[in-house]
Amino acid sequence: MKRIDCNHLILASGLLLSGCSLLQPVSPSPQKEYRLEAAPFVSVVRPPTSSMSITLSIIRAASGLDSKNMWYLRRPSQINRYQQSQWQQRPATMLMPLVMNALEVSGLFTVIVQSPNPINTTYQLELELTQLEQDFTVHPSVVHVGLRAYLSENKTHTIVAWQEFRVDQTAPTEDAYGQVVASKLATSELLQRLLVFCRSHVSQDEGAR
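Residues numbered from 1 in each chain as written. Predicted model: local features only at pLDDT ≥ 70, side-chain atom pairs only at ≥ 80, totals over all residues. Heavy atoms only, no water.

The next thing to look at is the side chain of S106. Within the secondary structure, S106 is located in helix α2 (residues 91–106). Only 3.3 Å separates the side chain of S106 from the backbone nitrogen of L108, close enough to count as a polar contact. (Helix = DSSP H or I, 4+ residues; strand = E, 2+ residues; numbered from the N terminus. Polar contact = N/O pair within 3.5 Å; in protein donor to acceptor, adjacent residues only side chain to side chain.)

This is the structure in structure tokens:
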């Protein structure tokens, strides 16, 4: 009768157990989700003589920004996404209520609606999110947020004005959360610029009537 070598038996058992563990599915780390936010606006008293109204179209997103992915660059033109962090919703979707709130407190319009809506308004504002990424080719990293705006007069179906905005905001930390904090500051600045754009061109257009 052959004697079983205990050392060989232990080794074989260990290999068997390790082989079984390798076959087990690896549990992915939980995804961290973040909201796109902006600093609150101070309410403005609406002029009682104002009769202008505006429709905010559904905000579009450039290619690559129509998902919940959070993007960053390590090299110029090389886009990567965070593996364990993402936006809670598509950034363009989260931007809608922020723009609506900014328009509401601006004092420019008596009626503000979101399309699709049967109400016939004076103006229509169309927006496209063109950029939202964290740039690690510089240090500290910088978050770029871009927006394109078209303001149209609904009665004549003509574009009153259009403009592209971009804000570059330094991230406080070199990670996804740094992108979130910088995006909030950049979005707040973008909304301020958007209101200046609307105020300027709506006033000019109304004066020409």
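Having put the structure on the table, let's press on.
Here strand β8 (residues 142–153) pairs with strand β9 (residues 158–170) via twelve bridges, running antiparallel. Looking across to β9, one finds that E153 is bridged to T158. Taking the residues that link successive antiparallel strands as the turn, the β8-β9 hairpin has four residues, and the phi of H157 there is positive, at about 55 degrees. (Pairing = 2+ DSSP bridges.)

Our focus in this paragraph is the environment of S85. As for its position among the elements, S85 is in strand β5 (residues 78–87). By relative accessible area, S85 is classed as buried at 9%. Here the alpha-carbon distance between S85 and K32, two residues 53 residues apart in the chain, equals 4.6 Å. (Buried < 20%, exposed > 50% of the residue type's maximum accessible area, 1.4 Å probe, protein only.)

What follows is about the environment of P140. You can see P140 is positioned in the loop between β7 (123–135) and β8. Accessibility expressed as a relative area gives 39% for P140, which makes it partly exposed. Sequence-wise, P140 and E174 are 34 residues apart; in three dimensions their C-alpha atoms are separated by 7.3 Å. In this structure P140 touches T170, A171 and E174, once residues within four positions along its chain are discounted. (Contact = heavy atoms within 4.5 Å.)

In terms of nonpolar packing, the biggest core is built from 55 residues, with V99, F109, L125, L127 and F197 touching the most fellow members. Sorting the residues of this core by element identifies β2 (53–56), β4 (69–75), β5, α2, β7, β8, β9 and α3 (176–207) as the ones contributing at least two each. Sorting elements by how many residues they give to this core places α3 first, with eleven residues. (Core = buried A, V, L, I, M, F, W, Y, C linked by side-chain atoms within 4.5 Å.)

Let us now look at the side chain of E133. Following the sequence through the fold, E133 ends up in strand β7. The buried charged residue E133 lacks any salt bridge partner; its closest oppositely charged side chain belongs to R166, at an N-O distance of 6.3 Å. For E133, the side chain forms a polar contact with the side chain of Q131, separated by 3.1 Å. Contact partners of E133, with chain neighbours within four places excluded, come to W71, L73, I79, V142, V143 and H144. (Lys, Arg positive; Asp, Glu negative; His and termini not counted. Salt bridge = Lys/Arg side-chain N within 4 Å of Asp/Glu carboxyl O.)

This paragraph deals with the pairing of β2. The two faces of β2 match: S53 and T55 on one face and I54 and L56 on the other face are all buried. Taken together, the four bridges between β2 and strand β6 (residues 111–114) define a ladder with parallel strand orientation. Within the sheet, the bridge partner assigned to S53 lies in β6 and is V111. One ladder, built from three bridges, connects β2 with β7; its direction is parallel. Considered in β7, the bridge of I54 is made with Y123.

Below, the discussion takes up the packing of aromatic side chains. Taken as a whole and judged by the stated rule, the model has five aromatic pairs. Ring geometry for Y72 against F136: centres 5.8 Å apart, planes inclined by 85 degrees, an arrangement best described as edge-to-face. Of this pair, Y72 sits in strand β4 while F136 sits in the loop between β7 and β8, and the two are 64 residues apart along the sequence. For the pair Y72 and F136, one class covers both residues: buried. Taking the centre distance of 5.9 Å and the plane angle of 85 degrees together, the rings of F165 and F197 count as edge-to-face. Pair noted here: F165 is in strand β9 and F197 is in helix α3, with a separation of 32 residues, a long-range link. Looking at F165, the relative accessible area reads 6%, which means it is buried. (Phe/Tyr/Trp six-rings, centres within 6.5 Å; stacked < 30°, edge-to-face > 60°.)

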